[in-house]
Amino acid sequence: MKNIYAVVNQKGGVGKTTTAVNLAAGLGILGEKVLLVDMDPQGNATTGLGIDKSSLEHCMYDVLTGGASMKDVVVKTGEKNLWIAPATLNLAGADIELMSVMSREKRLSFAADEVSGDYGYIIIDCPPSLGLLTINVLTCARYTILPIQCEYYALEGITQLLQTISLVTRNLNPELSVGRILLTMFDYRTDLSERIAKEVKDFFGSRVSGVIVPRNAKLSEAPGFGKSIFTYAPGSRGAEIYGAFSVEVSEFGKQNLE
């Protein structure tokens with residue numbers, strides 16, 4: 001299974017969950033069968049796709065701690081070709097509970113192996129930290145997608161994140177690599193966004209996506225209605241942007257499967 005993508009950045013508020021949800025939904029619209037795995041205890045991807053967390057019998061916490069299989073927790077969303085393995089606040093306890101477990105960094109990998117043949121893509125939304133949950137995601141993934149906001153301190157912490165990715169690659173998952181860098185929260189009214197975008201492109205080179213995500217009201221509103229941008233506002237600029245990014249990731253995936 002080569003098309004497992006981790007959407008990761010230890011900073012909060014950079015558009016990580018927005019990217020994970022809308023990339024997954026966008027790939028579904030392209031005809032791919034997609035599983036979105038919510039590995040953030042806040043469960044924003046789960047609620048952002050209209051899943052009532054109070055009604056869930058199992059979540060990713062149970063998968064990681066051995067109380068359920070991935071197939072037990074996966075539920076269909078209202079989006080085309082999109083399923084989700086949801087998260088609740090219980091997931092926050094997994095970091096502590098897994099500390100004494102054998103192969104604790106590979107619990108998600110073992111779980112994903114059970115279902116990887118059922119989906120064309122698995123997109124994983126990481127928590128805003130570099131703890132054991134994120135290490136599990138990086139050990140499971142083939143590629144990372146790094147959303148970077150076009151604001152002050154955009155590159156703050158990125159060096160630490162890249163060091164963590166490098167450590168995981170050397171010690172746990174030699175297949176892991178940085179796939180795409182996605183510039184988010186771009187403000188066309190300011191020179192600052194242009195400067196930050198140039199810095200990121202100078203730093204990452206060809207790994208930076210040709211798609212730039214602007215600040216967009218519809219993108220902010222969609223999770224409150226439990227919908228992706230494609231269902232909430234299909235004619236919006238946000239839908240156009242994430243549609244283009246989904247095509248780019250799809251083409252990237254096909255090139256790397258050849």
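None of the values given here were measured: they were computed from a predicted structure.

A. View of the state of the cysteines. Under the definition given, this model contains 0 disulfides. Here Cys 59 stays free of any disulfide, with the sulfur of Cys 126 as its closest cysteine sulfur at 16 Å.

B. Spotlight on the nonpolar core. Counting residues in hydrophobic clusters, the biggest one holds 55 residues, and the most contacted among them are Val 37, Met 39, Met 60, Met 70, Leu 108 and Ile 124. Top contributing element to this core by residue count: helix α7 (residues 132-140), with 6 residues. Residues contacting Val 37, with those up to four places away along its chain left out, are Met 60, Met 70, Ala 85, Leu 108, Ile 122, Ile 123, Ile 124 and Asp 125. Counting 32 residues, the second largest nonpolar core, distinct from the first, contains Tyr 5, Leu 219, Tyr 242 and Val 249.

C. Region of interest: the packing of aromatic side chains. In total, this model carries 9 aromatic pairs according to the counting rule given. On the numbers, 4.9 Å between centres and 75 degrees between planes, the contact of Tyr 143 with Phe 252 is edge-to-face. In this pair, Tyr 143 sits in strand β6 (residues 143-149) while Phe 252 sits in helix α12 (residues 237-257), placing the two residues 109 residues apart along the sequence. Taken as a pair, Tyr 143 and Phe 252 share a single burial class, namely buried. Within the aromatic cluster, the residues linked to one another by ring pairs are Tyr 5, Tyr 121, Tyr 143 and Phe 252. Above the plane of the ring of Trp 83 lies Lys 76, whose end atom (NZ or CZ) is 4.9 Å from the centre.

D. Highlighting helix α1 (residues 16-29). Taking 1.5 Å per residue, 14 residues should reach 20 Å; α1 reaches 20 Å between its end C-alpha atoms and fits that length. With respect to burial, α1 is a largely interior element, 12 of its 14 residues being buried. Among all positions in α1, only Lys 16, Thr 17, Thr 19, Ala 20, Val 21, Asn 22, Leu 23, Ala 24, Ala 25, Gly 26, Leu 27 and Gly 28 are buried. Just beyond α1, the residue with positive phi is Gly 31, at close to 100 degrees.

E. Unusual backbone geometry, seen in detail. Positive phi, normally seen in glycine, also occurs at Asn 81, with a value near 60 degrees. Unusually for a residue other than glycine, Met 185 sits at a positive phi of about 55 degrees.

F. Spotlight on the packing of α7 against helix α8 (residues 158-171). Two elements in contact, α7 and α8, have axes separated by 10 Å at closest approach and are oriented at 55 degrees. In terms of orientation, α7 lies oblique with respect to α8. The hand of the α7/α8 crossing is right-handed. Along the contact surface, α7 presents Ile 135, Leu 138 and Thr 139, while α8 presents Thr 164, Ile 165 and Val 168. In terms of residue class, the contact of α7 with α8 is made up of 4 nonpolar, 2 polar and no charged.

G. Here's a closer look at the side chain of Thr 164. Topologically, Thr 164 is positioned in helix α8. Excluding anything up to four places from it in sequence, Thr 164 contacts Leu 130, Ile 135 and Leu 138.

H. Expanded view of the pairing of strand β5 (residues 121-125). Where burial is concerned, most of β5 is hidden: 5 out of the 5 residues are buried. Side chains Tyr 121, Ile 123 and Asp 125 project from β5 onto one buried face, and the interleaved Ile 122 and Ile 124 project onto a second face that is buried too. Across 4 bridges, the pairing between strand β1 (residues 4-7) and β5 is parallel. Pairing of Ala 6 across the sheet is with Ile 124, part of β5. With 5 bridges connecting them, strand β2 (residues 34-38) and β5 associate as parallel partners. Its bridge partner being in β5, Leu 35 is matched across the sheet by Ile 122.

Each value, and the rule that gives it
Residues numbered from 1 in each chain as written. Predicted model: local features only at pLDDT ≥ 70, side-chain atom pairs only at ≥ 80, totals over all residues. Heavy atoms only, no water. Disulfide = S-S within 2.5 Å. Core = buried A, V, L, I, M, F, W, Y, C linked by side-chain atoms within 4.5 Å. Buried < 20%, exposed > 50% of the residue type's maximum accessible area, 1.4 Å probe, protein only. Helix = DSSP H or I, 4+ residues; strand = E, 2+ residues; numbered from the N terminus. Contact = heavy atoms within 4.5 Å. Phe/Tyr/Trp six-rings, centres within 6.5 Å; stacked < 30°, edge-to-face > 60°. Lys NZ or Arg CZ within 6 Å of the ring centre and 35° of its normal. Expected span 1.5 Å × (residues − 1). Axes fitted to C-alpha atoms, helices over the stretch in contact; angles between N-to-C directions. Parallel < 35°, antiparallel > 145°, perpendicular 65-115°, else oblique. Left-handed = near helix turned anticlockwise from the far one by under 90°. Nonpolar A, V, L, I, M, F, W, Y, C, P; charged D, E, K, R; others polar. Pairing = 2+ DSSP bridges.

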